[in-house]
Amino acid sequence: MSPLTETSLVHCRAMDSITVVSAKQLDVVLCTMNSACSPLEMEINEARIALQRDGEEILNIESMLNSLQAEIDAIHVRMSLQQEKRRDVQTRILANRALVSPVRFLPTEILQHIFKFCLPDDRYIIPHIQSAPLLLCQICHRWRVIAQATPELWSSIDVHDWGVWTADLYTAMVARWLAASRTRPLAVSVMCLQKWDWFRQCDPTQSGLFRLLISHSARFHDLHIQASYGYINAFITSSSSATVKHVLISVMSTAFLPNFEHPLPLCTSNITHLALCGKEAFINIIPQTAFPQITHLTLDRSGAEVDFRKILLDFPALVQLKVKFSGRRGCLDVTTPPPDAMPLKHRALEILRIYLSEDAVQFGNIAPLSRIFDSLSLSSLRELAFFALDPGWEAAVDEWLPDSVKALFGRSSCPSKHLLYRNFKCTLDKNDFREQLSSLAVDLRIDNVGFGCHWYDITS
């Protein structure tokens, strides 16, 4: 046998043995696979049975929930019906209680008196539906009739004039308000807060509200105007101010310099209370014929000097003087009397109140005011008060004229006198200072109310 033949035989035997081994191994693998798949099929079958069972159970639960929801809806319907019945019964109860309420049987005069106490404390009432007197007109028919028939409820008003842009509904409301006041004296505040003096180009009488107020000006008792000088001059010129006793004029600064050669054409026969606010509110805008009869004067003219001596000379009947000071160039806005000035006597002044702005407290040099106090003799002075308008800058009593104050009170013949420092702190011995003042019959009070004071408040 040749070598090639022997090689081929060996190769064939080897292949047969591989084939036999491979077949046996394949059977083992197949058996193993069959044994592994059996638990998986069982789990699948169990899951299918569980899904069928849970599906039936969820259907039962859904059915039960739908049944319960239907019962709840039915209960809600019954509750809604009962709630509606309850509201109807409550409405009847309220109506019947109103019928038997003692307020319903109060005489008209008593209700009118009660209504007056419902008015806001403001000096000039701002019309608002949520406050008296407009609120009183919304309660019931009887109250509305009584409120509209009570002129005292409508004798004060605060209005804003936007010129030709004032809404007709607003003007109509003011007209009804003033008509309800009938013949009562009026306290009127008029504000025209234009930032420019447009009345140089426009006639203010084009405003329906302006004309309406002028038509009632003969009843003005208390008049407050806050506007540009052009508007104020037009208003005073057009109005009949013969009955005005209290006048507050607040001049807004404009780009145009007002002409102060002639005073405002005020009827001065009855004016007793005068307040001037604004840097351009010079005293000479008021006719000098009114000076001798003015008893109450308020000045709030930031940046303008206050000449106490000239004021007391020009207003001999002055009983109360209020002045607001601002600090300017490190000192108060006051005119210092000359060293050789003779003591000025004023027999009528009883109340002197000084209001200090933040810069006056922080930077003002009070020496000029001390010299003024030393040059005054106020025989009727019974009250002297200092108000720091910004409580954040608390002033010290010992820095504000304790010696000059004692000297000023020492020249007063009033038997009972009062000294007030508001929003001040006392760094000196308060008891010692109080004893010194008590020898002059002066009662000392130092407090800190924790809030400031708006310029408008000092005019009241």
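This text follows the structure it describes.
These numbers come from a predicted model, not from an experiment.

Focus on the overall build of the protein
Next, step 1: Along the backbone of the protein there are 11 helices and 17 strands.
Next, step 2: A separation of at least 24 residues holds for 75% of the contacts in the protein among residues at least 6 apart in sequence.
Next, step 3: Entry remark: accessible area of the protein is about 25800 Å², with carbon and sulfur atoms responsible for 58%.

Let's talk about the environment of Arg142
Next, step 1: Considering the arrangement of structural elements, one finds Arg142 in helix H3 (residues 141–148).
Next, step 2: A relative accessible area of 29% places Arg142 in the partly exposed class.
Next, step 3: Each C-alpha atom, one on Arg142 and one on Thr108, is 9.3 Å from the other, the two residues being 34 residues apart in sequence.
Next, step 4: In this structure, Arg142 is in contact with Val103, Arg104, Leu106, Pro107, Thr108 and Leu111, ignoring residues within four places of it in sequence.

A word on helix H6 (residues 229–238)
Since one α-helical turn is 3.6 residues long, residues separated by three or four positions face the same way.
Next, step 1: Listed as buried for H6 are Tyr229, Tyr231, Ile232, Ala234, Phe235 and Ile236.
Next, step 2: Against strand E2 (186–191), helix H5 (208–215), strand E3 (220–228) and strand E4 (246–252) lie the buried residues of H6.

So, the side chain of Ser412
Next, step 1: Within the secondary structure, Ser412 is located in the loop between helix H10 (402–410) and strand E15 (417–422).
Next, step 2: There is a polar contact of 3.5 Å between the side chain of Ser412 and the backbone oxygen of Ser379.
Next, step 3: Polar contacts involving the side chain of Ser412 include one to the main-chain carbonyl oxygen of Leu381, which spans 2.6 Å.

A closer look at the sheet that holds E2
Next, step 1: The strand order across the open sheet built from 11 strands is E1-E2-E3-E4-E5-E6-E7-E11-E13-E15-E17, with neighbouring strands paired in parallel fashion. Sheet topology places strand E1 (156–160) and strand E17 (442–447) at the edges, where each strand pairs with a single neighbour. Across the sheet, the mean angle separating the axes of adjacent strands is 10° when strand polarity is ignored.
Next, step 2: Two strands pair when backbone bridges link them, and E1 and E2 are joined in this way by 5 bridges, in the parallel orientation.

A few points about unusual backbone geometry
Next, step 1: In this structure, Pro133 follows Ala132 across a cis peptide bond, with omega equal to 5°.
Next, step 2: If you trace the backbone, Pro133 turns up in the loop between helix H2 (108–117) and H3.

Some points on the packing of aromatic side chains
Next, step 1: Counting across every chain of the model gives 12 aromatic pairs.
Next, step 2: A centroid spacing of 6.3 Å and a plane angle of 0° characterise the contact between Phe220 and Phe235, whose relative ring orientation is stacked. Here the residue Phe220 occupies a position in strand E3, and Phe235 occupies one in helix H6, the gap between them amounting to 15 residues. No difference in accessibility class separates Phe220 from Phe235, as the two residues are buried.

A closer look at the layout of surface pockets
Next, step 1: What the largest pocket holds in volume is close to 280 Å³.
Next, step 2: Lining the largest pocket are 13 residues, and of these Ile283, Asn284, Lys310, Ile311 and Asp314 sit closest to its centre.
Next, step 3: Ranked by residue count, the leading element in the lining of the largest pocket is helix H7 (residues 308–314), at 3 residues.

Section: the nonpolar core
Next, step 1: In terms of nonpolar packing, the biggest core is built from 96 residues, with Phe373, Phe386 and Leu419 touching the most fellow members.
Next, step 2: Dropping the residues within four chain positions of it, Phe373 is found in contact with Leu352, Ile354, Leu384, Phe386, Leu401, Ser404, Val405, Leu408 and Arg411.
Next, step 3: Membership of the second largest hydrophobic core comes to 5 residues, among which are Tyr355, Ala385, Phe387 and Leu420.

Some words on H2
Next, step 1: Among the residues of H2, Leu111, Gln112 and Phe115 are the ones counted as buried. When H2 is viewed along its axis, its buried side chains cluster within an angular range of 100° and face the same direction. Exposed residues pointing more than 90 degrees away from the buried face of H2 are listed as Glu109 and Phe117.
Next, step 2: Buried positions along H2 lie against H3.

Here we look at the pairing of strand E11 (residues 351–356)
Next, step 1: With respect to burial, E11 is a largely interior element, 5 of its 6 residues being buried.
Next, step 2: Sheet topology places strand E7 (residues 320–325) next to E11; 6 bridges connect them, and they run parallel. The partner of Phe325 across the bridge, within E11, is Leu356.
Next, step 3: Here E11 pairs with strand E13 (residues 383–388) via 6 bridges, running parallel. By the bridge assignment, Ile354 is partnered in E13 with Phe386.

Parameters at a glance
Residue positions are counted from 1 within each chain, in the order its sequence is given. Predicted model: local features are reported for residues with pLDDT of at least 70 only, side-chain atom pairs are reported and counted for 80 or more only, and whole-chain, interface and lining totals are derived from all residues. The side-chain quantities take in all heavy atoms of the structure and omit both hydrogens and water. Runs of H or I in DSSP of at least four residues are treated as helices and runs of E of at least two as strands, each being numbered from the N terminus. Throughout, a residue-residue contact means that at least one pair of heavy atoms, one from each residue, lies within 4.5 Å. Accessibility throughout is a Shrake-Rupley quantity obtained with a 1.4 Å probe, and a residue counts as covered only by protein chains that appear here. Partly exposed describes any residue whose relative accessible area lies between the buried limit of under 20% and the exposed limit of over 50%, with all areas from a 1.4 Å probe on protein chains only and scaled to the type maximum. Polar contacts here mean pairs of N or O atoms no more than 3.5 Å apart (in protein, one a potential hydrogen donor and the other a potential acceptor; neighbouring residues in sequence count only if both atoms are side-chain atoms). Strand pairing follows a simple DSSP-based rule, namely that at least 2 bridges must link the two strands. Angles shown run from 0 to 180 degrees and are taken between the N-to-C directions of axes, each axis being a line fitted to C-alpha atoms and, for helices, limited to the stretch in contact. Working definition: rings of Phe, Tyr and Trp (its six-membered ring) pair if their centres are within 6.5 Å, and the pair is stacked with planes under 30 degrees apart, edge-to-face with planes over 60 apart, and tilted otherwise. The definitions used throughout rest on a 1 Å grid laid over the protein atoms alone, on which a cavity is an enclosed set of points accommodating a 1.4 Å probe that cannot get out and a pocket is an open set flanked by protein within 12 Å on both sides along at least five of seven lines; lining residues are those having an atom within 4 Å of a point. Grid points are joined across faces, edges and corners, and a volume is the space filled by probe spheres set on the points. To qualify as a nonpolar core, a set must consist of buried Ala, Val, Leu, Ile, Met, Phe, Trp, Tyr and Cys residues joined through side-chain atoms within 4.5 Å. In this description, the arc belongs to the directions extending from the helix axis to the C-beta atoms.

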